[in-house]
Amino acid sequence: MSATRYTYLGPAGTFTEAALRTLPEAATRELVPVASVPAALDAVRAGQAGGAFVAVENSVEGPVTATSDELVNGTPLMIYREVLLPITFALLVRPGTSLDAIKTVTSHPVAQPQVRRWLSANLPDAQWEAASSNADGARLVQEGRCDAAFAGEFAAALYGLEVLVSDVNDEANATTRFLLVGRPGRVSSPTGLDKTSMVVWLPDDHPGALLELLQEFAVRGINLMRIESRPTGEGMGSYCFLIDCEGHLSERRVSEALMGLKRICPQVRFLGSYPRADHGGRRPVRPGTSDADFAAASDWLARCLDGRGEI
Ligand SMILES: O=C(O)C(=O)C[C@]1(C(=O)O)C=C[C@@H](O)C=C1
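Keep in mind that this is a model prediction, so the values were computed, not measured.

A.B. asks: Explanation requested: the domain arrangement of the protein chain in the structure shown.
C.D. replies: The parts lose accessible area when they come together, and the size of an interface is often stated as this lost area. For the protein chain, the assigned domains are domain 1 (1–87 + 175–185), domain 2 (89–168) and domain 3 (191–311). With centres defined by C-alpha atoms, the gap from domain 2 to domain 3 works out at 43 Å.

Shown next as structure tokens:
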């Protein structure tokens with residue numbers, strides 16, 4: 001096992017690799033490209049890598065469900081870091097190819113919806129084919145198996161391709177969020193601007209079950225950053241929820257919310273507390289929900305047990 005090895009969706013030249021290289025520790029790690037998100041995470045589960053770096057959501061296309069499902073199922077994993085990367089696609093071709101000569105175009109399935117309008121306006125008759133990543137699409141073009149690929153401009157040089165068109169994104173501010181995932185370990189210290197992730201299975205099917213779950217956050221003034229439902233696979237209508245909330249497990253309002261969920265839900269999987277990559281600023285803590293407020297309430301309770309509750 002190599003704690004210093006990080007796996008990521010390859011081959012070389014993916015957005016995942018570009019995002020991973022923004023982490024300071026990447027410079028001292030062995031970065032190993034693998035064929036898929038499950039392969040990256042399985043290497044971690046098997047102890048062959050200390051971390052896997054995977055995309056989890058895109059601001060245009062939404063969740064990367066392969067990652068969601070890996071976090072929900074199988075041997076538990078934990079999130080240690082997140083990275084946000086602006087995504088800008090270019091259309092890459094073999095040198096000399098013109099736009100009219102393009103009959104087939106490829107990309108990762110999460111990329112296609114990000115360039116859909118450009119594709120239908122500029123290459124309405126081209127056939128789109130799925131690649132296992134955008135860099136893999138560039139490799140398919142290099143090998144002559146496809147005419148063009150949507151990928152980062154930086155992939156062109158790696159695969160002997162040229163940039164035919166830059167900035168083909170439908171949305172100017174497309175961003176993908178990536179996670180550094182490892183085996184469960186000690187939660188890093190709070191930074192004051194943290195996020196906590198978990199998977200929650202609904203209390204038995206009854207009116208208001210989801211509301212009960214959400215109330216655990218609401219009554220403690222905890223802001224939710226994301227909620228994604230995924231089918232459990234146990235039958236139509238059976239879902240679990242991946243939830244990201246503001247705050248760190250070491251903060252009382254967050255730990256109390258998780259304990260509340262644990263009491264009412266059949267299963268809760270803690271996925272980690274880690275520094276937020278966005279610099280959206282610190283939200284004021286709602287009065288009555290700070291660590292000091294919880295500590296004062298606990299002290300009061302202890303005094304009540306001693307018959308000194310009014311003090
Ligand atoms: O194919 C790549 O380049 C990747 O890194 C994968 C991935 C993803 O899974 O979302 C990363 C960013 C883009 O949103 C499109 C594809």
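A.B. asks: Got a minute to help me understand the site of the ligand in this structure?
C.D. replies: Around the ligand, a shell composed of 15 residues is seen, among which Phe-15, Thr-16, Gln-114, Asn-134 and Thr-176 lie nearest. In this structure, an oxygen atom belonging to the ligand sits 2.7 Å away from a main-chain N or O atom of Asn-134. Measuring from an oxygen atom of the ligand, one finds a side-chain N or O atom of Thr-176 at 2.8 Å. For the ligand, whose free accessible area comes to 370 Å², the fraction covered by protein is 99%. Listing elements by their share of the shell around the ligand, those giving two or more residues are helix 1 (15–20), strand 3 (51–58) and strand 11 (175–182). Class assignment for the residues of the shell around the ligand results in 7 nonpolar, 8 polar and no charged.

A.B. asks: Any chance you could explain empty space enclosed by the protein here in plain terms?
C.D. replies: Gaps between atoms show up when a probe of the same size as a water molecule is rolled over them. If you walk through the whole model with that rule in mind, you get 1 cavity of 30 Å³ or more. The volume enclosed by the largest cavity comes to roughly 70 Å³. Every residue lining the largest cavity is listed: Val-56, Leu-71, Ile-79, Arg-177, Leu-179, Ser-197, Arg-226, Leu-242, Ile-243, Asp-244 and Leu-271. Every element with two or more residues in the lining of the largest cavity is listed here: strand 11 and strand 14 (239–246). Sort the elements by how many residues they give to the lining of the largest cavity and strand 14 lands first, with 3 residues.

A.B. asks: How should I be thinking about the sheet that holds strand 12 (residues 194–201) in this particular structure?
C.D. replies: Backbone-to-backbone hydrogen bonds join strands into a sheet, with any given pair of strands oriented parallel or antiparallel. What the 4 strands build is an open sheet, ordered 13-14-12-15; its pairing is antiparallel. Two strands bound the open sheet, and with one partner strand each, they are strand 13 (224–231) and strand 15 (267–275). Averaged over all adjacent pairs, the angle separating strand axes in this sheet is 15 degrees, with direction ignored. Bridge analysis of strand 13 against strand 14 gives 7 bridges, and the strand direction is antiparallel.

A.B. asks: Please clarify how the layout of surface pockets should be interpreted in this entry.
C.D. replies: By volume, the largest pocket is sized at about 390 Å³. In terms of lining, the largest pocket is formed by 26 residues, of which the most central are Leu-9, Ala-55, Val-64, His-108 and Val-110. Residues belonging to the lining of the largest pocket are distributed by class as follows: 15 nonpolar, 10 polar and 1 charged. In terms of domain composition, the lining of the largest pocket takes at least three residues from each of domain 1 (1–87 + 175–185) and domain 2 (89–168).

Procedures and definitions
Residues numbered from 1 in each chain as written. Predicted model: local features only at pLDDT ≥ 70, side-chain atom pairs only at ≥ 80, totals over all residues. Heavy atoms only, no water. Domains from an automatic or database assignment. Near = heavy atom within 4 Å. Polar contact = N/O pair within 3.5 Å; in protein donor to acceptor, adjacent residues only side chain to side chain. Areas by Shrake-Rupley, 256 points an atom, 1.4 Å probe, with all protein chains shown as cover. Helix = DSSP H or I, 4+ residues; strand = E, 2+ residues; numbered from the N terminus. Nonpolar A, V, L, I, M, F, W, Y, C, P; charged D, E, K, R; others polar. 1 Å grid on protein atoms, 1.4 Å probe; cavity = no way out; pocket = protein on both sides within 12 Å on 5 of 7 lines; lining within 4 Å. Points joined across faces, edges and corners; volume = space filled by probe spheres on them. Pairing = 2+ DSSP bridges. Axes fitted to C-alpha atoms, helices over the stretch in contact; angles between N-to-C directions.

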